[in-house]
There are 2 protein chains.
Amino acid sequence: MTRIGVFVFDGAEELDFVGPWEVLTMWAKSFPDDDVEVFTFAPGAEVVTCAKGLRVVPDQTIDTAGRIDVLVYPGGEGNRAHLSDDAIKGWLNKLAADGTLMTSVCTGSLVYAAAGLLDGRPAVTHWAYLEVLQGLGQRVDVRKDERFVDDGNVITAAGVSAGIDMALHLVQRLTSVERAREVKKLIQYDPQPPV
Amino acid sequence: MTRIGVFVFDGAEELDFVGPWEVLTMWAKSFPDDDVEVFTFAPGAEVVTCAKGLRVVPDQTIDTAGRIDVLVYPGGEGNRAHLSDDAIKGWLNKLAADGTLMTSVCTGSLVYAAAGLLDGRPAVTHWAYLEVLQGLGQRVDVRKDERFVDDGNVITAAGVSAGIDMALHLVQRLTSVERAREVKKLIQYDPQPPV
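## A few points about the overall build of chain A
Okay, so step 1: A count of helical and extended segments in chain A gives 6 helices and 11 strands.
Okay, so step 2: A compact globule built from 195 residues would reach a C-alpha radius of gyration of about 16 Å, and chain A, at 16 Å, matches this within 12%.
Okay, so step 3: Projected onto the principal axes, the alpha-carbon positions of chain A cover approximately 40 × 35 × 35 Å.
Okay, so step 4: Restricting to contacts in chain A with at least 6 residues of sequence separation, those with at least 24 account for 60%.

## A short note on the relation of the copies chain B and chain A
Each of the two chain copies goes to the other by way of a rotation about an axis and a shift along it.
Okay, so step 1: Least-squares fitting of chain B to chain A yields an RMSD of 0.0 Å, with the transformation described by 0.0 Å of translation along the axis and a rotation of 180 degrees. Both copies of the chain, as the preceding transformation shows, are related through a two-fold rotation axis. Closest approach to the rotation axis among the C-alpha atoms of chain B is made by V56 of chain B, whose C-alpha sits 2.3 Å away.

## Concerning the packing of helix α1 (residues 14–30) of chain A against helix α1 (residues 14–30) of chain B
Okay, so step 1: Two elements in contact, α1 of chain A and α1 of chain B, have axes whose closest approach is 10 Å; the angle formed by their N-to-C orientations is 155 degrees. Relative to α1 of chain B, the element α1 of chain A is oriented roughly antiparallel. For the crossing formed where α1 of chain A meets α1 of chain B, the hand is left-handed. Within the contact between the two elements, α1 of chain A uses E14, L15, V18, G19, W21 and E22 of chain A and α1 of chain B uses E14, L15, V18, G19, W21 and E22 of chain B.
Okay, so step 2: Looking at the contact of α1 of chain A with α1 of chain B residue by residue, the class counts come to 6 nonpolar, 2 polar and 4 charged.

## A look at the interface of chain B and chain A
Okay, so step 1: Across the contact, 42 residues belong to chain B and 42 residues belong to chain A.
Okay, so step 2: At the level of secondary structure, the elements contributing two or more residues to the side of chain B that touches chain A comprise α1, β4 (55–57), α5 (162–174) and α6 (177–186) of chain B.
Okay, so step 3: The element best represented in the side of chain B that touches chain A is α1 of chain B, accounting for 9 residues.
Okay, so step 4: Taken together, the residues that form the side of chain B that touches chain A break down as 22 nonpolar, 11 polar and 9 charged.

## Observations regarding the packing of helix α5 (residues 162–174) of chain A against helix α6 (residues 177–186) of chain A
Helix-helix packing: each pair is described by the crossing angle between the helix axes and the interaxial distance.
Residues and elements named next belong to chain A.
Okay, so step 1: The contact between α5 and α6 brings their axes to 7 Å, and the two run at 145 degrees. Every pair of crossing elements has a handedness; the one defined by α5 and α6 is right-handed. Together, L168, V171 and Q172 of α5 and V177, R179, A180, V183 and K184 of α6 make up the contact between the two elements.

## Structural notes on the sheet that holds strand β4 (residues 55–57) of chain A
Okay, so step 1: The strand order across the open sheet built from 4 strands is β3(A)-β4(A)-β4(B)-β3(B), with neighbouring strands paired in antiparallel fashion. One side of each edge strand has no neighbouring strand; the edge strands of this open sheet are β3 (48–49) of chain A together with β3 (48–49) of chain B.
Okay, so step 2: Where β3 of chain B meets β4 of chain B, 2 bridges bridge the pair, whose relative direction is antiparallel. The residue of β4 of chain B that forms the bridge with T49 of chain B is R55 of chain B.

## Section: unusual backbone geometry
Across the chain, the bulk of peptide bonds are trans and the bulk of non-glycine residues have phi less than zero.
Residues and elements named next belong to chain A.
Okay, so step 1: One non-glycine residue with positive phi stands out, namely V160, at about 45 degrees.
Okay, so step 2: Take V160: there are 26 C-beta atoms within 10 Å of it, and that puts it in the buried class.
Okay, so step 3: Positive phi is not limited to glycine here, since Q188 has a value of about 45 degrees.
Okay, so step 4: Positionally, Q188 belongs in the segment after α6.
Okay, so step 5: Note on Q188: 21 C-beta atoms within 10 Å, which makes it buried.

## Some remarks on helix α2 (residues 86–97) of chain A
Working note: α-helix, 3.6 residues per turn, so residues spaced by three or four point in the same direction.
Okay, so step 1: In a regular helix each residue adds 1.5 Å, so 12 residues correspond to 16 Å; α2 of chain A covers 16 Å between its end C-alpha atoms and thus fits that length.
Okay, so step 2: Just past α2 of chain A, the residue G99 of chain A takes up positive phi, approximately 100 degrees.

## Points about the environment of E14 of chain A
Okay, so step 1: Inspection of the secondary structure assignment puts E14 of chain A in helix α1.
Okay, so step 2: The buried category is assigned to E14 of chain A, around which 24 C-beta atoms lie within 10 Å.
Okay, so step 3: As a C-alpha pair, E14 of chain A and K52 of chain A span 38 residues in sequence and 7.0 Å in three-dimensional space.
Okay, so step 4: The contacts of E14 of chain A, once residues within four sequence positions are left out, are C50, A51, K52 and L54 of chain A together with V18, W21 and E22 of chain B.

## Describing the sheet that holds strand β7 (residues 101–104) of chain B
Residues and elements named next belong to chain B.
Okay, so step 1: Across the sheet, 7 strands lie side by side as β5-β2-β1-β6-β7-β11-β10; this open sheet has mixed pairing. The open sheet terminates on both sides in strands that have one partner only, identified here as β5 (60–61) and β10 (148–150).
Okay, so step 2: Strand direction decides the pairing type here: strand β2 (residues 36–42) and β5, joined by 2 bridges, are parallel. For F41, the partnering residue across the bridge sits in β5 and is Q60.
Okay, so step 3: Across the sheet, α5 lies against β1 (2–7), β7, β10 and β11 (154–157), angled at about 150 degrees from β11, the strand it touches most.

## Some words on the pairing of strand β1 (residues 2–7) of chain A
All names here are of chain A.
Okay, so step 1: Taken together, the 6 bridges between β1 and strand β2 (residues 36–42) define a ladder with parallel strand orientation. Bridging across to β2, G5 finds its partner in F39.
Okay, so step 2: Taken together, β1, α1 and β2 constitute a β-α-β crossover, and its handedness is right-handed.
Okay, so step 3: Bridge count for β1 against strand β6 (residues 70–73) is 3 bridges, and the pairing is parallel. Note that in β6 the partner of G5 across the bridge is L71.

Reading the values: the criteria
Residues numbered from 1 in each chain as written. Chains lettered and ligands numbered in written order. Predicted model: local features only at pLDDT ≥ 70, side-chain atom pairs only at ≥ 80, totals over all residues. Helix = DSSP H or I, 4+ residues; strand = E, 2+ residues; numbered from the N terminus. Rg over C-alpha atoms; globule rule 2.2 N^0.38 Å. Contact = placed C-beta atoms within 7 Å. Least-squares fit on C-alpha atoms with pLDDT ≥ 70 in both. Axes fitted to C-alpha atoms, helices over the stretch in contact; angles between N-to-C directions. Parallel < 35°, antiparallel > 145°, perpendicular 65-115°, else oblique. Left-handed = near helix turned anticlockwise from the far one by under 90°. Nonpolar A, V, L, I, M, F, W, Y, C, P; charged D, E, K, R; others polar. Pairing = 2+ DSSP bridges. Buried ≥ 20, exposed ≤ 12 C-beta atoms within 10 Å, placed from the backbone. Expected span 1.5 Å × (residues − 1). Right-handed = clockwise from strand over helix to strand, strands pointing away.

Written out as structure tokens, the structure reads:
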């Protein structure tokens, strides 16, 4: 069983986590033999109010979540407080040390950088925060033109909608390109931006 | 004030409504002078469990929502029950008659067709339901290759992720191509499917 925890918190940007959520839950539900579980979890059990006002009831808390094989850490204004939150940063370091595959979307990577997880490593974030990312951690190798950056046990994605692309990459990495293509087809991800 | 109601219900597909939600709330929040309000609403006030398990607390109910200038009606297995629900279909017909701009994502258009809103009109749905759509209503003109179809007071989108494209079109239609491009940039919607 691969357990994927999608972290939510007050001020998390909605599409940052629902994009990967859709990709990963479509994978889990459509291909039960792959033995994947996806759940939301939050610092506490109460209802989370996202950055644009969507209210979400988390499935688990940090304390009850259990083993997390893959973490999805979204961005959103609510995570700025995490930059100086030693409990959050310590928890992220412990997860990484314990072997969790750490993924982030948008400004989620700022917190990874502040926790020291990106020191000397390639990473990306929302286009408006590239300089902020550069100023966090030690010698982060900011890849401004990448949609997502896979550096082994840490995968960072660019802003908001980039989480969809990153999650499809994750399905491919954990299974096969064929499986990722099947999931892509199920969510009809043939984007045609009209503007 | 333009009031946009994003309908949610048990079994609604997550990205179907969070894609447009992100686009439309980013527009509303980033450009307050455009005077747009976006809210979720559901048949009742209780927590909604979406198709893949995400739990959402609706802001309003059908009874409390008030005027709805634009409706976003998502797909998801939960809306199959709406196909034969005369209360839902009657409500949709009343909204359309009262001047609401009716938009749908994915299999949301099946319910619009069942309600007679697509008789003799062009429309689209998730690729796996094109034949189902053809069999509902009277002479629906199914546009299988379109990402979304704008037919005046009804706009239908293809499957799941197509709601993002449709919502950007909606911003363009209600304001300008420049505004839609600004929203697109804020959500960094430069998709690069890796598979």
